Amino acid sequence: MVGILNQALADLISEQIMQRHVTELRAVLSTGNEITMHAEFTVGRDFIIYRTAKDSGGKWAMTPFAHIVQLIV
């Protein structure tokens, strides 16, 4: 069941990124921290891979959907 929900969420996020030509996403995590994600994005079945805001040198990070409380597209 969780796998199906994660895939549906991944599909919705991917579609929003394509439709809006989004280059930045913000998310509030379960820890209370807010992160900023920069394009290019890779949206997997249960995670988002993105370039970090602090590192313009190309460092990439991965955040699981389970840790995201709110996603601002």
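Residues numbered from 1 in each chain as written. Predicted model: local features only at pLDDT ≥ 70, side-chain atom pairs only at ≥ 80, totals over all residues. Heavy atoms only, no water.

A.B. asks: Sorry, what's going on with the overall build of the chain here?
C.D. replies: Helix and strand counts for the chain stand at 1 helix and 5 strands. For the chain, the succession of helices and strands along the chain, N to C, is α-β-β-β-β-β. When each of the 73 residues of the chain is scored for burial, the buried share is 25%. Accessible surface computed for the chain: about 4,900 Å², of which carbon and sulfur atoms make up 54%. (Helix = DSSP H or I, 4+ residues; strand = E, 2+ residues; numbered from the N terminus. Buried < 20%, exposed > 50% of the residue type's maximum accessible area, 1.4 Å probe, protein only. Areas by Shrake-Rupley, 256 points an atom, 1.4 Å probe, with all protein chains shown as cover.)

A.B. asks: Explain the pattern of salt bridges here, please?
C.D. replies: Close approach of charged atoms lets side chains of opposite charge pair. Counted under the stated rule, the structure contains 1 salt bridge. The salt bridge partner of E34 is R26, with a shortest N-O separation of 3.1 Å. A relative accessible area of 33% places R26 in the partly exposed class. (Salt bridge = Lys/Arg side-chain N within 4 Å of Asp/Glu carboxyl O.)

A.B. asks: Hey, could you run me through the nonpolar core in this one?
C.D. replies: Across soluble globular proteins, you tend to see nonpolar side chains buried next to one another. Within the largest apolar cluster, 14 residues are counted, with the highest numbers of intra-cluster contacts made by M37, F41 and I48. If we ignore the near neighbours within four places in the chain, the residues touching M37 are T23, E24, L25, R26, A27, I48, Y50, R51 and L71. (Core = buried A, V, L, I, M, F, W, Y, C linked by side-chain atoms within 4.5 Å. Contact = heavy atoms within 4.5 Å.)

A.B. asks: Sorry, what's going on with the side chain of T63 here?
C.D. replies: With respect to the element layout, T63 can be found in strand β4 (residues 60-64). If near-sequence neighbours (up to four positions away) are discounted, T63 is found in contact with L29, I35, F47, I48, Y50 and I68.

A.B. asks: How should the confidence of the model for the chain be read in this particular structure?
C.D. replies: When pLDDT drops low, the exact placement of atoms in the prediction is not to be read closely. On average, residues of the chain carry a pLDDT of 79, and 86% of them reach 70 or more. Taking the mean pLDDT of every element in the chain, the minimum, 78, falls on helix α1 (residues 2-20) and the maximum, 86, on strand β1 (residues 24-29). (pLDDT = per-residue confidence, 0-100.)

A.B. asks: Looking at this structure, how should I read the environment of H67?
C.D. replies: With respect to the secondary-structure elements, H67 resides in the loop between β4 and β5 (68-72). Owing to a relative accessible area of 41%, H67 belongs among the partly exposed residues under this scheme. Between the alpha carbons of H67 and G32 there is a distance of 9.9 Å; along the sequence they are 35 residues apart. Ignoring sequence-local partners within four residues, the contact set of H67 consists of V28, L29 and S30.

A.B. asks: Would you explain the pairing of β1 in this entry?
C.D. replies: Across a regular strand the side chains alternate sides, sitting on one face of the sheet and then on the other. Burial of β1 is one-sided: the residues L25, A27 and L29 facing one way are buried, the residues E24, R26 and V28 facing the other way are not. Note that β1 and β5 share 4 bridges and pair antiparallel. Following the sheet pairing, A27 is matched in β5 by L71. (Pairing = 2+ DSSP bridges.)

A.B. asks: In this structure, what is going on with the environment of A27? I would like to understand it.
C.D. replies: Along the polypeptide, A27 turns up in strand β1. Judged by its relative accessible area of 0%, A27 is buried. For the pair A27 and H67, spaced 40 residues apart in sequence, the C-alpha separation works out to 9.5 Å. With residues near it in sequence (within four places) discarded, A27 still touches N33, E34, I35, M37, I68, Q70 and L71.

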